[in-house]
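Listed below, chain by chain, are the residues.
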Amino acid sequence: MKKVKVATVWLDGCSGCHMSLLDMDTAIIPLARRIELVYGPLVDAQEFPDNVDVTLVEGAISSQEDLNKIQKIRQRTRTLIALGDCAVTGNVPAMRNSLPVSKLLQSVYVEGVQKNPGVPGERVPALLKQARPLREFVKVELCLPGCPPPAKTILTLLTDLLDGKKPSTLSVKFG
Ligand code: SF4
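Small disclaimer: the values here were computed from a predicted structure and weren't measured.

Undergrad: Could you give an account of the site of the ligand, naming the residues involved and the relevant values?
TA: If you check the shell around the ligand, you find 13 residues, and the closest are Cys14, Cys17, Asp85, Cys86 and Cys147. Sorting the residues of the shell around the ligand by element identifies α1 (16-22) and α4 (85-89) as the ones contributing at least two each. Looking at the shell around the ligand residue by residue, the class counts come to 6 nonpolar, 5 polar and 2 charged.

Undergrad: Kindly report on the pairing of strand β5 (residues 77-83), identifying the contributing residues and their values.
TA: Counting buried positions over the 7 residues of β5 gives 6, a clear majority of the element. Direction of pairing for strand β3 (residues 52-58) relative to β5: parallel, over a ladder of 6 bridges. For Val54, the partnering residue across the bridge sits in β5 and is Thr79. Here β5 pairs with strand β7 (residues 142-144) via 3 bridges, running parallel. Each bridged residue has a counterpart across the sheet, and for Leu83 the counterpart in β7 is Leu144.

Undergrad: Before we move on, can you summarise the side chain of Thr77 with the specific residues and values?
TA: Relative to the helices and strands, Thr77 is located in strand β5. Classification of Thr77 by relative accessible area gives buried; the value is 6%. Other than its neighbours up to four places away in sequence, Thr77 contacts Phe48, Val52, Asp53, Val54 and Thr55.

Undergrad: Break down the nonpolar core for me, citing the residues and quoting the values.
TA: By size, the foremost hydrophobic cluster in this structure holds 21 residues, and its most contacted members are Ile70 and Leu134. Contributing elements (two or more residues each) for this core: β1 (4-10), β2 (35-39), β3, α3 (64-76), β5 and α4. Those residues in contact with Ile70 that lie beyond four places of it in its chain are Leu11, Val57, Ile61, Leu80, Leu134 and Val138. Judged by nonpolar contacts, the second largest core, of 17 residues, contains Leu31, Ile81, Ala151 and Leu158.

Undergrad: Hey, could you go over the packing of aromatic side chains for me, with residue numbers and the actual values?
TA: Ring pairs (aromatic) are described by centroid distance and by the angle formed between their planes. Here the structure, examined in full by the defined rule, presents 1 aromatic pair. Arranged with centres 5.1 Å apart and planes meeting at 65 degrees, the rings of Tyr39 and Phe48 form a pair that is edge-to-face. Side by side, Tyr39 and Phe48 carry an identical accessibility label, which is buried.

Undergrad: Can you break down the pattern of salt bridges residue by residue, with the values?
TA: Applying the stated rule across the entire model yields 8 salt bridges. Among the salt bridges present, the one from Asp53 reaches Arg78, with a minimum N-O distance of 2.3 Å. Taken as a pair, Asp53 in strand β3 and Arg78 in strand β5 lie far apart in primary sequence, 25 residues in all. Accessibility expressed as a relative area gives 17% for Asp53, which makes it buried. Each of Glu47, Asp50, Lys72 and Arg76 takes part in a single network of salt bridges with overlapping partners.

Undergrad: Break down α3 for me, citing the residues and quoting the values.
TA: For an α-helix, 3.6 residues make a turn, and residues three or four places apart therefore share a direction. Helix length check: α3 (13 residues) gives 19 Å between terminal C-alpha atoms against 18 Å at 1.5 Å per residue, within 8%. Those residues of α3 lying buried are Asp66, Leu67, Ile70, Ile73 and Arg74. The buried residues of α3 occupy one face: seen down the axis, they fall within an arc of 130 degrees. Those residues of α3 that are buried lie in contact with β1, β3, β4 (61-63) and β5.

Undergrad: Could you give an account of the side chain of Asn97, naming the residues involved and the relevant values?
TA: Among the secondary structure elements, Asn97 is positioned in the loop between α4 and α5 (101-109). Residue classification places Asn97 among the buried positions, given a relative accessible area of 14%. When residues no more than four places from it in sequence are discounted, the contact partners of Asn97 are Gln130, Ala131 and Arg132.

Calculation rules
- Residues numbered from 1 in each chain as written.
- Predicted model: local features only at pLDDT ≥ 70, side-chain atom pairs only at ≥ 80, totals over all residues.
- Heavy atoms only, no water.
- Near = heavy atom within 4 Å.
- Helix = DSSP H or I, 4+ residues; strand = E, 2+ residues; numbered from the N terminus.
- Nonpolar A, V, L, I, M, F, W, Y, C, P; charged D, E, K, R; others polar.
- Buried < 20%, exposed > 50% of the residue type's maximum accessible area, 1.4 Å probe, protein only.
- Pairing = 2+ DSSP bridges.
- Contact = heavy atoms within 4.5 Å.
- Core = buried A, V, L, I, M, F, W, Y, C linked by side-chain atoms within 4.5 Å.
- Phe/Tyr/Trp six-rings, centres within 6.5 Å; stacked < 30°, edge-to-face > 60°.
- Salt bridge = Lys/Arg side-chain N within 4 Å of Asp/Glu carboxyl O.
- Expected span 1.5 Å × (residues − 1).
- Arc of directions from axis to C-beta.

Spelled out as structure tokens, the structure:
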């Protein structure tokens, strides 16, 4: 049987959504028989591949680098899933949105910093004015809210998709 190509992506999030994915414990074994994990923090792949069936994206879009990445991912993915509240609403990364970027960088890298204060410039990706949810930049087929979404919910969603069903999970929203 041909395996479904699945990718996971970590943008501006805390990795908690990926931890929840791993929290499936042994349930991940039957799932692993049906999917090929082609990209993500758990895979040693440098370039996002073409023709990915399902991509789960954790985190908000906060930097120009995130934006470039999500646009490429969108072009190469059939079903894009916003995984967790940061991807769905902006959530924690969006807490900085009331501050101008210059003030934010000053407060993080300069004010109250004892050793080598200074904004790092090109060493960190250029921030967008605000951290925003995925669907404001690209089409998203499914939103899976939660901070993080429970492992069981992620498992149910993926199993439904693999079975060719409309996801039955109550908390899943179509983007
Ligand atoms: S939704 Fe919650 S767990 Fe997931 S990346 Fe954001 S803060 Fe972390």
